[in-house]
Structures are given as structure tokens and as C-alpha cells.
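# Descriptive analysis of the structure
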Amino acid sequence: SATRAFSSLDVRFPRSSGLIANNLVRRITFRDGGSARLLRNIGGFPLGWLRAAARGDVHLRAGAGAVNSAAPVAGDGRDLDGAARPRGRPDVGADELGR
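Residues numbered from 1 in each chain as written. Predicted model: local features only at pLDDT ≥ 70, side-chain atom pairs only at ≥ 80, totals over all residues. Heavy atoms only, no water.

## A short note on the overall build of the protein chain
Worth spelling out the cut-off: Labels follow the DSSP assignment, with helices taken as runs of H or I lasting at least four residues and strands as runs of E lasting at least two, numbered in each case from the N terminus. Throughout, exposure labels follow a simple rule: accessible area from a 1.4 Å probe, protein chains only, divided by the maximum for the residue type, with under 20% read as buried, over 50% as exposed, and the rest as partly exposed. Residue contacts follow a heavy-atom distance rule, with two residues in contact if any of their heavy atoms lie within 4.5 Å. A 1.4 Å probe and the Shrake-Rupley method give the accessible areas. Residues count as covered only by the protein chains that appear here. Charge convention: Lys and Arg are scored as positive, Asp and Glu as negative, and His as well as the terminal groups of each chain are ignored. By convention, charge coordinates are those of NZ in Lys, CZ in Arg, CG in Asp, or CD in Glu.
On a plain count of helices and strands, the protein chain comes out with 1 helix and 8 strands. Ordering the α and β elements of the protein chain from the N terminus gives α-β-β-β-β-β-β-β-β. Taking the principal axes of the C-alpha coordinates as reference, the protein chain spans close to 40 × 35 × 20 Å. A buried classification covers 32% of the 99 residues belonging to the protein chain. Looking at the protein chain alone, contacts between residues at least 24 apart form 23% of all its contacts between residues at least 6 apart. Of the accessible surface of the protein chain, which amounts to about 6,200 Å², a share of 51% is contributed by carbon and sulfur atoms. Here the protein chain contributes 16 positively and 9 negatively charged side chains, and the mean placements of these two sets differ by 5 Å.

What follows is the structure, given as C-alpha cells:
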């Protein structure tokens, strides 16, 4: 089926390398010699962790298992709303809950 073939992230070129960290994903695929180090990604998470995924609203809900579950990564920047990630234990995914 089409959903079975879907990858959230696809590392696919021979010289691809790096770090894939703190993402909510359905699946990460590697092909054609691509490689990456994986850190604290959550695959197959319940869509109930997101406010309204079907409408494209990927803000986290309170109590989601992604809250305070990320590994600190230098330069991890801002969330989808432009809020800075906190030091210590940020949230996994595009949203930083309550920011």
C-alpha cells in the first residue's frame, strides 16, 4: 500500500551523512549508500499526540510522550512557531509545547 511505502525521512545518496535527531516520524529509510546517525527519533507515534494532524496542525498535546523527550543538540534552533528550544530536555518533533 502507499502508506507502507511512505518515509518521513529518506537518506538516499552515497555521500549523505549526518545526524537525524528528535523527530516524530513514521519511518526513516536508507538507500543507495546514504548513512546517518539516529538520535532520539520517535517512530510510529500515536497521532493523538498531535493537536489535529489531519488538518496539518502538528502542535503537541499536553501529555504526549514526545514532551521533554528530546536529546539536547547544539544549534537545534527554534520550533515551528519560532519559539526557542529550552536547554535541557526539549520536546521531540516540530513543536515545543507551551512556547
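Back to the write-up after that little detour.
## Focus on the side chain of Asp-79
We count it as follows: Salt bridges, as used here, are contacts in which a Lys or Arg side-chain nitrogen is within 4 Å of a carboxyl oxygen on Asp or Glu.
Mapped onto the secondary structure, Asp-79 falls in the segment after strand E8 (57-60). Summary of buried charges: Asp-79 has no salt-bridge partner, and the nearest side chain of opposite charge, Arg-85, is 5.7 Å away. Dropping the residues within four chain positions of it, Asp-79 is found in contact with Arg-85, Ala-94, Asp-95 and Glu-96.

## What about the confidence of the model for the protein chain?
What counts here: For every residue, the predictor assigns a confidence score, pLDDT, that lies between 0 and 100.
Here the protein chain averages 89 in pLDDT, while 94% of its residues score no lower than 70. Taken element by element, the protein chain is modelled with least confidence in helix H1 (residues 2-5), mean pLDDT 59, and with most confidence in strand E7 (residues 50-52), mean pLDDT 95.

## Some thoughts on the nonpolar core
In globular proteins that are soluble, nonpolar side chains generally tend to be buried together. Stated precisely, the cut-off is as follows: Definition of nonpolar core: a set of buried residues of the types Ala, Val, Leu, Ile, Met, Phe, Trp, Tyr and Cys, connected through side-chain atoms within 4.5 Å.
Membership of the largest hydrophobic core is limited to 10 residues, which are Leu-24, Ile-42, Phe-45, Trp-49, Leu-50, Leu-60, Ala-64, Ala-66, Ala-70 and Val-92. For Leu-60, the residues in contact, after removing those within four places along its chain, are Leu-24, Trp-49, Leu-50, Ala-66, Val-67, Asp-91, Val-92, Asp-95 and Leu-97.

## Some remarks on the pairing of E8
For a regular strand, side chains alternate in direction, first toward one face of the sheet and then toward the other. Test applied: When DSSP finds two or more bridges between a pair of strands, those strands are recorded as paired.
When E7 meets E8, the two strands line up antiparallel, connected through 2 bridges. In the strand pairing of E8, Ala-52 is matched with Asp-57.

## Some remarks on the pattern of salt bridges
Across all of its chains, the model carries 3 salt bridges by this definition. Linking Asp-57 and Arg-51 is a salt bridge whose minimum nitrogen-to-oxygen distance equals 3.5 Å. We note a salt bridge from Glu-96 to Arg-85, for which the minimum N-O separation is 2.9 Å. With Glu-96 in the segment after E8 and Arg-85 in the segment after E8, this pair connects stretches of sequence that are 11 residues apart. Here Glu-96 falls in the buried class, since its relative accessible area comes to 3%. A relative accessible area of 15% means that Arg-85 is categorised as buried.

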